[in-house]
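Notes for the structure review
Below are the chains, spelled out letter by letter.
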Amino acid sequence: MDVSQRYREAWEGFWAGTSDEPGEAIWDADPSLSAVPHSELLLPYADAGLPVLDLGCGNGTQTRYLATRFARAIGVDLSHAAIGHARRADPDGVAEFEQLDLTDGDAVRALHERIGDANVYMRAVIHQSEAEARPAVAAAVATLLGARGRAFVAELTPASKAVLQQAAEGPDGPPKKLRRVFDHGLKPASATEEEVPDVLRAAGLTTLDSGDTVLPQTENLPDGSRIDLPARWFVLAVG
């Protein structure tokens, strides 16, 4: 299956309207708050000599850090505009970037055939995918891992909705970066508590480790504190 045209256009529109300024996308946190601690959770289970694939890489902030921890880092995203941002932000070619629809099984298999088994880093992709596409996204993770790869997957939990609601109820309404997410019809934290582990399990993925965390954002609540969205993380293998 492929994602719907509406969903594709929503992401293309979001990234086309985003500047190259770091942190303009609300989830574009510094790697010290994202890929750095996440790598420390993944690496005890993973072979760093394998490539790492950053699924839903956006403008490539996390991918460029992952390239310092793994033999090769490739960021993929549904949006052509996002890949453009990522390449402009990486003039030295520290990482590689390409457009990929994770629900396109043929394209996912072709990527696996080209690079072999790989590790996967995926932050907050399943929860905002269209409900009918979530099993295909999880299946893409399994395909890309093969027998030797390991995945780190972090997804927002429904508790994030209350934090986003709090952020939206400030005296001036939602902060600018959050308003842009809503304006483009993107729906954060729309998966249920058990839906994410269920779709991962159904894709043939085994949880090696998991825990609760938050995904820091680049906007603040009305009281000035940073928006930290409740999330759950999983380290996964096939089988």
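Everything below is about the structure printed above this text.
Quick look at the structure, then. (Residues numbered from 1 in each chain as written. Predicted model: local features only at pLDDT ≥ 70, side-chain atom pairs only at ≥ 80, totals over all residues. Heavy atoms only, no water.)

Re empty space enclosed by the protein
Regions of empty space are outlined by a rolling probe, equal in size to a water molecule, passed over the atoms. Stated formally: Using a 1 Å grid laid over the protein atoms alone, points where a 1.4 Å probe fits but cannot get out form a cavity; open sets with protein on both sides within 12 Å along at least 5 of 7 lines form a pocket; any residue with an atom within 4 Å of a point counts as lining. Grid points are joined across faces, edges and corners, and a volume is the space filled by probe spheres set on the points. Elements are defined by DSSP. Helices are runs of H or I of four residues or more, strands are runs of E of two residues or more, and each kind is numbered from the N terminus. Gly falls in the polar group here, along with every residue not listed as nonpolar (Ala, Val, Leu, Ile, Met, Phe, Trp, Tyr, Cys, Pro) or charged (Asp, Glu, Lys, Arg).
Under the criterion given, the structure shown has 2 cavities of 30 Å³ or more. Here the largest cavity defines a volume of roughly 650 Å³. Along its surface, the largest cavity is lined by 42 residues, and Trp11, Arg123, Ala124, Val125 and Gln128 are the ones closest to its centre. In terms of residues, the lining of the largest cavity owes the most to one element, helix 1 (residues 5-16), which gives 3 residues. Within the lining of the largest cavity, the residues separate by chemical class into 26 nonpolar, 10 polar and 6 charged. Along the walls of the second largest cavity sit Glu155, Leu156, Thr157, Pro158, Ala191, Thr192, Glu193, Val196, Pro197, Arg232 and Phe234, which together make up its complete lining.

Focus: the layout of surface pockets
Each pocket or cavity is described by its volume, and for the largest pocket that value is around 170 Å³. Lining the largest pocket are 16 residues, and of these Pro22, Asp28, Asn59, Thr61 and Arg64 sit closest to its centre. Considering only residue class, the lining of the largest pocket consists of 4 nonpolar, 7 polar and 5 charged.

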